[in-house]
There are 2 protein chains.
Amino acid sequence: MPADERLLHPDEALKIVLSQVRRLPVETVPLAEAGGRILAADLIADQDLPPFPAATMDGFAVIASDVSPWREIIGDQFAGTMEGIEITPGTTARIMTGAPLPHGADAVVQVEHTELREDHVVIHQEIVAEGENLRPVGSDLRKGDVLVSAGSRIGPAEIGLLASLGHAEVEVYRRPRFSILSTGDELVEPDQVPGPGQIRDSNRFSLTVAAEAAGAEVVWSGHAPDDETALRELILKRIAESDVVITSGGVSMGDKDFVKAILNEIATVHFRRLFMKPGKPLNFATAGDGTLVFGLPGNPVSALVEFEIFIRTALRAMTGQQHPEPATASAILEHWVAGTDRIEYQRGIVSVDEAGQLRARNTGSQASARLMSLVGANAFLVIQPREAAYEAGERVPVILLQPVSSER
Amino acid sequence: MPADERLLHPDEALKIVLSQVRRLPVETVPLAEAGGRILAADLIADQDLPPFPAATMDGFAVIASDVSPWREIIGDQFAGTMEGIEITPGTTARIMTGAPLPHGADAVVQVEHTELREDHVVIHQEIVAEGENLRPVGSDLRKGDVLVSAGSRIGPAEIGLLASLGHAEVEVYRRPRFSILSTGDELVEPDQVPGPGQIRDSNRFSLTVAAEAAGAEVVWSGHAPDDETALRELILKRIAESDVVITSGGVSMGDKDFVKAILNEIATVHFRRLFMKPGKPLNFATAGDGTLVFGLPGNPVSALVEFEIFIRTALRAMTGQQHPEPATASAILEHWVAGTDRIEYQRGIVSVDEAGQLRARNTGSQASARLMSLVGANAFLVIQPREAAYEAGERVPVILLQPVSSER
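Residues numbered from 1 in each chain as written. Chains lettered and ligands numbered in written order. Predicted model: local features only at pLDDT ≥ 70, side-chain atom pairs only at ≥ 80, totals over all residues. Heavy atoms only, no water.

Run through the interface of chain B and chain A, naming residues and quoting values.
Facing the 90 residues of chain B at the interface are 90 residues of chain A. Carbon and sulfur atoms supply 66% of the area buried between chain B and chain A, which totals about 6,700 Å² over both sides. At the junction of chain B with chain A, the criterion picks out 1 salt bridge. At the surface where chain B touches chain A, the tally comes to 10 residue pairs in polar contact (both at pLDDT 80 or more). Elements with a minimum of two residues in the side of chain B that touches chain A: strand S12 (146-148), helix H2 (156-164), strand S16 (199-200), helix H3 (203-213), strand S23 (328-333) and strand S27 (395-400) of chain B. Per-element accounting of the side of chain B that touches chain A gives the leading share, 8 residues, to H2 of chain B. For the side of chain B that touches chain A, a count of residues per class yields 43 nonpolar, 26 polar and 21 charged. (Contact = heavy atoms within 4.5 Å. Buried area = accessible area lost by both parts, 1.4 Å probe. Salt bridge = Lys/Arg side-chain N within 4 Å of Asp/Glu carboxyl O. Polar contact = N/O pair within 3.5 Å; in protein donor to acceptor, adjacent residues only side chain to side chain. Helix = DSSP H or I, 4+ residues; strand = E, 2+ residues; numbered from the N terminus. Nonpolar A, V, L, I, M, F, W, Y, C, P; charged D, E, K, R; others polar.)

Shown next, in the form of structure tokens:
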């Protein structure tokens, strides 16, 4: 068997993919467009937050040790202004949540513990502690703290921090540009009725959705005809304009599988076949200016499983994410699973039982072309090769794709 | 204390929110734009898949029971065509992965187990089973099966199924239209330097990112000034053009809190304050043609926690998702947590230990204004009110916001 036909362990394959990844360039985007992007530089606090001691309740700003039976109201302190009020024993000021503490005061008594008389107020709280109902300067952030590391995805909290620290623009990694080509003469468009021996193209749509959900910009997505010259030209053009080119179909051993021949000619092919199921064929190559080319099989389940394991990992590495590899956890099998001769990624549902224990079951028939096995799946159950069946109650590694929850 | 000031249990509040939700209208979108949307009608298989017995390997189509020592090659069967080949004992045809099985044949022998001679082929496989290396008709899907239920999010597998079944267009729920208003005179834009007592607006940005990630279309997002007349006009206009209006700030007890007064006047207010922390204030109202109005506090952590618990749930219910409430699981506390007088949603990290057990820890200081407590959090730890502290090793419910994994 020629070297390029040996079945490569998926972990080894992943290492090869990661060794070929190049970090994407950095670009600057307005804050309002930074959501979901990957931060390219550590976010460092350039000031203390809050920059002033701020009230956490509506109430009255007082001196904690002041024992006056009532206090004269000498002003109102709203959020957003500094009124120049100076609190002295026997005086107080109304203060609103978020407002800066007036000079002289060191605590806030919440309005519910006070009683308003004409021009003064009575405090109905026996002991007022210094700092009560106040957020001290720097209690949220200290100047110089690393708040969010480069490589983090910018979610709601991160964008809130960026905004509060005055970042009207943000340095992020450019979104990876993906081209997605489905190949195969047997494919027709979804709105066409398949003739004898034909099927509708689905991979192009599912891979596009998967790529976009992973943060890629899909710059081209279409059906390439099974004509070698046209296909070569198309692939070359897509390589020139993309960071990642994905083909599906045309990588098995049939005579009309042009993708394999074209990649041999125009690219450096790093591996072809994997010791895994579904998804034995995977042509991985690099070409042009470092573009990654993934030749996925036409089987829609294999294509999506390989996307999840290899392409999503490459995408995370391209944008400097700290743990690019798929994250695994351990779960208890709920049912018998047959032994396997290759590492098998069963599509499954992982849930949490009442004792907080992860439990895993598959989604039924794992026939490799059965797209239904992915519907409702939130995980892959990673079944290591062995002859004997796995019994219910055994522990297997799982790759969680979605949040888990209790059964319901 | 007036009735509207009682602290409502979050579970009760959630029931009230859900009782006010109206299902959004359905719209038809092209398949290529359906990713991430919510399916509005069950997807039913209208045919068997595959519609023909298909090869799962490259090889030769044979009659399993044929014991001929060698076979004449009478044709090539590619995917995408029907060649009209008829296999009889002593004959075979080359066949490619995905290609339909020629008439007469009932198995495929993979190419690795054959040896090619001039015009015939020798099968080096002692026993060939009927159906070997074939996917039978209907093995993926049976006509009439419910494949994906209405209310499901359309991910890669779902879009693949839609494509293979010929759905060039898909009925989905319209995306909910959100307007997001931040209020407060103390707020300045991110590119401005805050003056004394001022802070930069962050909620508008974080709530917009949260809403978009949840599938909403944010039709308006801006800073509303603290002028009662202008604010009333703006809120009325946003109610008329939105399914959900979110305000942040202006719902505590201060004199300048106009949102509360305006909602009293133009909307039906269902509740105002919750028995939870962070996030005691939450004005929930309905107005106009069923628009939901959420008056969130200005505190950025409270605003995001309330968004996650209440607004995201409302959004799921609007689009007919089957389990709109936040999904909980059980996890073991890794550290001591102080008792609490209100239900506390601590921001935390849930991971899976080597025994497959969920473990939970918080993200450090849970001071309610500390946006940092949300950075890196993948869960809320739900701490029920009690005086005694929670010990390490106790079990608490958690709401998982992101996939969990093993510690690394």
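Having put the structure on the table, let's press on.
Outline helix H6 (residues 300-318) of chain A, supporting the account with residue identities and numerical values.
Residues and elements named next belong to chain A. With 19 residues, H6 extends 25 Å from end C-alpha to end C-alpha; this agrees with the ideal 27 Å at 1.5 Å per step. Maximum bend of H6: about 45 degrees, positioned at phenylalanine 307. Summarising burial for H6: 18 of the 19 residues are buried, a large majority. Where H6 starts, the residue carrying a side-chain oxygen 2.9 Å from the main-chain nitrogen of valine 301 turns out to be asparagine 299. Following H6 by one or two positions, glycine 320 adopts a phi angle in the positive range, close to 65 degrees. (Expected span 1.5 Å × (residues − 1). Bend = angle between axes of the 7 residues up to and from the residue. Buried < 20%, exposed > 50% of the residue type's maximum accessible area, 1.4 Å probe, protein only.)

Could you give an account of the sheet that holds strand S19 (residues 268-274) of chain B, naming the residues involved and the relevant values?
All names here are of chain B. Here we have 7 strands laid out as an open sheet, ordered S1-S19-S21-S22-S18-S14-S17, and mixed in their pairing. Every other strand in the sheet has two partners, leaving strand S1 (7-8) and strand S17 (217-224) as the edge strands with one partner each. Helix H4 (residues 228-241) rests against strand S14 (177-183), S17, strand S18 (244-248), strand S21 (281-287) and strand S22 (291-296) of the sheet, and its axis sits at about 165 degrees to S14. (Pairing = 2+ DSSP bridges. Axes fitted to C-alpha atoms, helices over the stretch in contact; angles between N-to-C directions.)

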